[in-house]
Amino acid sequence: MAISKVLRQLPDTRLGILVAHLGKGVLKDQETLRSTPPLAAASRRTSFHFGAVTLLMLLGLSTMLTTAAAQASEWNIDHLMQSLAHTKPGRATFVEKKFLTMLEKPIESSGRLRFIAPDSLEMHTLKPKNELMLIQGDVLTIDHQDIHLQDHPELLAFIDSIRGTLTGNQQMLKQFFRLSLSGSEGNWTLTMLPRQKKLADLVQYIQVNGSNNSVTSIETLKTNRDRSLITITKSPSP
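What counts, and where the lines are drawn
Residues numbered from 1 in each chain as written. Predicted model: local features only at pLDDT ≥ 70, side-chain atom pairs only at ≥ 80, totals over all residues. Heavy atoms only, no water. Helix = DSSP H or I, 4+ residues; strand = E, 2+ residues; numbered from the N terminus. Buried < 20%, exposed > 50% of the residue type's maximum accessible area, 1.4 Å probe, protein only. Contact = heavy atoms within 4.5 Å. Areas by Shrake-Rupley, 256 points an atom, 1.4 Å probe, with all protein chains shown as cover. Arc of directions from axis to C-beta. Polar contact = N/O pair within 3.5 Å; in protein donor to acceptor, adjacent residues only side chain to side chain. Salt bridge = Lys/Arg side-chain N within 4 Å of Asp/Glu carboxyl O. Pairing = 2+ DSSP bridges. Axes fitted to C-alpha atoms, helices over the stretch in contact; angles between N-to-C directions.

## Looking at the overall build of the chain
Consideration 1: When you go through the chain residue by residue, the secondary structure sums to seven helices and 11 strands.
Consideration 2: Across the 238 residues that make up the chain, the buried fraction comes to 34%.
Consideration 3: Counting contacts in the chain only where the partners sit at least 6 residues apart, residues at least 24 apart contribute 36% of the total.
Consideration 4: Summing over all exposed atoms, the chain offers an accessible surface of approximately 15200 Å²; the carbon and sulfur share of this is 56%.

Written as structure tokens, this is what we have:
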């Protein structure tokens, strides 16, 4: 491809302007070489070759940056949800820390997590005491006691924030929250702000952090400033 044609295709960026400016100098040197005596032309050719190499390097860098910017612009909530939706159900371990304003030290618990698509979630706490919580559909079972989530919409919204994220169900999440995504594909943060007043009176935000198609932590900040942080470590496949 002729250099003049390449210059016309450069993006309107600072790097593009710099490359275009250098490219115009190379074109000018080409014209000068045609009308320069042989000895002087040899010296000018060295300068021209250096300028041409530099131009090619900058053109390559410009292309790389343009490609990287295009890839970054493609990373959005839709892509995140699609990635999460294709994640196979599995097992994980968790550590939960609850920071309560009335206590100086956080309350810590840990155990195992198991998710079974599309809507079953098992949270088995092992420390500090053995406790099993099972969610199937709209029924929450804690140590053989059933709670119907439809009677507790605020609790349902919180649970669906987890299920919706794990399954990549954007429609479920948007029913209760306004969503915003920041970061990159390898290190992202999904912030959920309550839509409904009853939930907003209790929860300030829920923030999910992850890498690629794995959720690594879930943080909940309540309006009374109490905070919960669940750190999740995916278990290796058996």
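Moving on from the coordinates now.
## Section: the environment of Asp160
Consideration 1: In this fold, Asp160 is placed in helix α5 (residues 153–167).
Consideration 2: Note on Asp160: relative accessible area 7%, which makes it buried.
Consideration 3: Counting along the chain gives 13 residues from Asp160 to Leu173, while the straight-line C-alpha distance between them is 7.0 Å.
Consideration 4: With residues near it in sequence (within four places) discarded, Asp160 still touches Thr165, Met172, Leu173 and Phe176.

## Brief notes about the environment of Leu193
Consideration 1: Inspection of the secondary structure assignment puts Leu193 in strand β8 (residues 187–194).
Consideration 2: C-alpha separation for the pair Leu193 and Ser180, spaced 13 residues apart in sequence, amounts to 8.6 Å.

## Brief notes about helix α4 (residues 77–85)
Consideration 1: For α4, the full list of buried residues reads Ile77, Leu80, Met81 and Leu84. Down the axis, α4 shows its buried residues gathered within 95° of arc, on one side only.
Consideration 2: Buried-residue contacts for α4 involve α5, α6 (170–176), β7 (177–184), β8 and β10 (214–222).
Consideration 3: Between the side-chain oxygen of the N-cap and the backbone nitrogen of Asp78 there are 3.1 Å, and the N-cap of α4 in question is Asn76.

## Some thoughts on the pattern of salt bridges
Consideration 1: Taken as a whole, this structure holds four salt bridges when the rule is applied.
Consideration 2: Among the salt bridges present, the one from Arg114 reaches Glu122, with a minimum N-O distance of 3.4 Å.
Consideration 3: Linking Lys197 and Asp201 is a salt bridge whose minimum nitrogen-to-oxygen distance equals 3.0 Å.

## A word on the pairing of strand β4 (residues 131–136)
Remark: a regular strand shows side chains that alternate across the two faces of the sheet.
Consideration 1: Of the strand pairs in this sheet, strand β3 (residues 120–127) and β4 are connected by six bridges, and their pairing is antiparallel. The residue of β4 that forms the bridge with Thr125 is Glu131.
Consideration 2: Once β3 ends, the chain turns through three residues before running back antiparallel as β4.
Consideration 3: Bridge analysis of β4 against strand β5 (residues 139–142) gives four bridges, and the strand direction is antiparallel. Within β5, the position partnered with Leu134 by the bridge is Thr141.
Consideration 4: The loop that links β4 with its antiparallel partner β5 comprises two residues; one of these, Gly137, has a positive phi angle of about 65°.

## As for the sheet that holds strand β1 (residues 91–99)
Consideration 1: Spatially, β6-β5-β4-β3-β2-β1-β11-β10-β9-β8-β7 is the arrangement adopted by the 11 strands of the open sheet, whose pairing is antiparallel. Every other strand in the sheet has two partners, leaving β6 (145–148) and β7 as the edge strands with one partner each. Sheet twist, expressed as the mean angle between neighbouring strand axes with direction ignored, is 20°.
Consideration 2: Contacting β7, β8 and β10, α4 runs over the sheet at an angle of about 105° to β8.
Consideration 3: With respect to the sheet, α5 is in contact with β2 (107–116), β3, β4, β5, β7, β8, β9 (203–211) and β10, its orientation differing from that of β10 by roughly 160°.

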